[in-house]
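What follows is the residue order along each chain.
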Amino acid sequence: MKQASSFAHKMLTAANLALETITIGKDLMLPIKAELDSPTLDASNQDINRGDVIILAWWLVTPTGAAVKSLIISENYIFGQQQKPGYDEGVMERAIDVDQSGWSALCDALPASPLEELIAANIGMGVKGVTSLAKATSSMAVVLEVVTCDSTGDPDRRNGGPK
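Attention here is on the structure that accompanies the text. (Residues numbered from 1 in each chain as written. Predicted model: local features only at pLDDT ≥ 70, side-chain atom pairs only at ≥ 80, totals over all residues. Heavy atoms only, no water.)

Structural notes on the packing of aromatic side chains
Taken as a whole, this structure holds 1 aromatic pair when the rule is applied. Lying across the ring of Tyr87, Lys84 places its NZ or CZ 4.6 Å from the centre. The ring of Tyr77 has Arg94 lying over it, and the distance from NZ or CZ to the ring centre is 4.5 Å. (Phe/Tyr/Trp six-rings, centres within 6.5 Å; stacked < 30°, edge-to-face > 60°. Lys NZ or Arg CZ within 6 Å of the ring centre and 35° of its normal.)

Things to note about unusual backbone geometry
You will see that Asp97, though not glycine, has its phi angle at about 60°, which is positive. Following the sequence through the fold, Asp97 ends up in the loop between strand E6 (92-94) and helix H3 (101-109). The phi angle at Asn122 is positive, at roughly 55°, despite the residue not being glycine. With respect to the element layout, Asn122 can be found in the loop between strand E7 (117-119) and helix H4 (127-138). (Helix = DSSP H or I, 4+ residues; strand = E, 2+ residues; numbered from the N terminus.)

Quick look at the environment of Ala67
For Ala67, the position within the fold is in the loop between helix H2 (50-60) and strand E4 (70-72). With a relative accessible area of 38%, Ala67 lands in the partly exposed category. Separated by 47 residues in sequence, Ala67 and Pro114 have C-alpha atoms that sit 7.5 Å apart. (Buried < 20%, exposed > 50% of the residue type's maximum accessible area, 1.4 Å probe, protein only.)

Thoughts on the nonpolar core
Of all hydrophobic cores here, the largest spans 34 residues; its most connected members are Leu56, Trp59, Ile73 and Trp103. Of all the elements in the fold, those that place two or more residues in this core are strand E1 (21-24), strand E2 (28-31), H2, H3 and H4. When residues in this core are grouped by element, the largest group, 7 residues, is from H2. For Ile73, the residues in contact, after removing those within four places along its chain, are Ala43, Ser44, Leu56, Trp103, Leu106, Leu118, Ile119, Ala120 and Ile123. (Core = buried A, V, L, I, M, F, W, Y, C linked by side-chain atoms within 4.5 Å. Contact = heavy atoms within 4.5 Å.)

Digging into the side chain of Gln100
Assignment of secondary structure puts Gln100 in the loop between E6 and H3. The exposure class of Gln100 is buried, given its relative accessible area of 12%. Side chain to side chain, Gln100 and Asp97 meet in a polar contact 3.2 Å long. (Polar contact = N/O pair within 3.5 Å; in protein donor to acceptor, adjacent residues only side chain to side chain.)

Put into structure tokens, the structure is as follows:
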């Protein structure tokens, strides 16, 4: 896991000199040299996978990414995906805690980032993912508000969820 994260970091650091943006998931553009329009990065429902999360983790500790105070990563495939039992072939669901590589990279980056809020609902996080997150947030300089729910919860405050 650390090896993949280290490799991505080296590749992106070398490429940083020429890159203007990096696109992950469906169409989420992460600016490298420009400033962000908002301190909130809504990366929800972008089909972000574990490899994309490694890039996102690196980006959060860049000068541009460090401006992000709130990160929404809900409705993504952070831990992988698998065939949904009882459904036609190709109907996928989030895998629970299957691949920790992207999540580990994100958790490793959290203590160095100024994030104040992380909203992560329906991403496939199970006990292992929660444990990694708890360890990462315990060493953060700021108190990170984490909102996570399963499919029966409503973590989206824009839609009337709890504050």
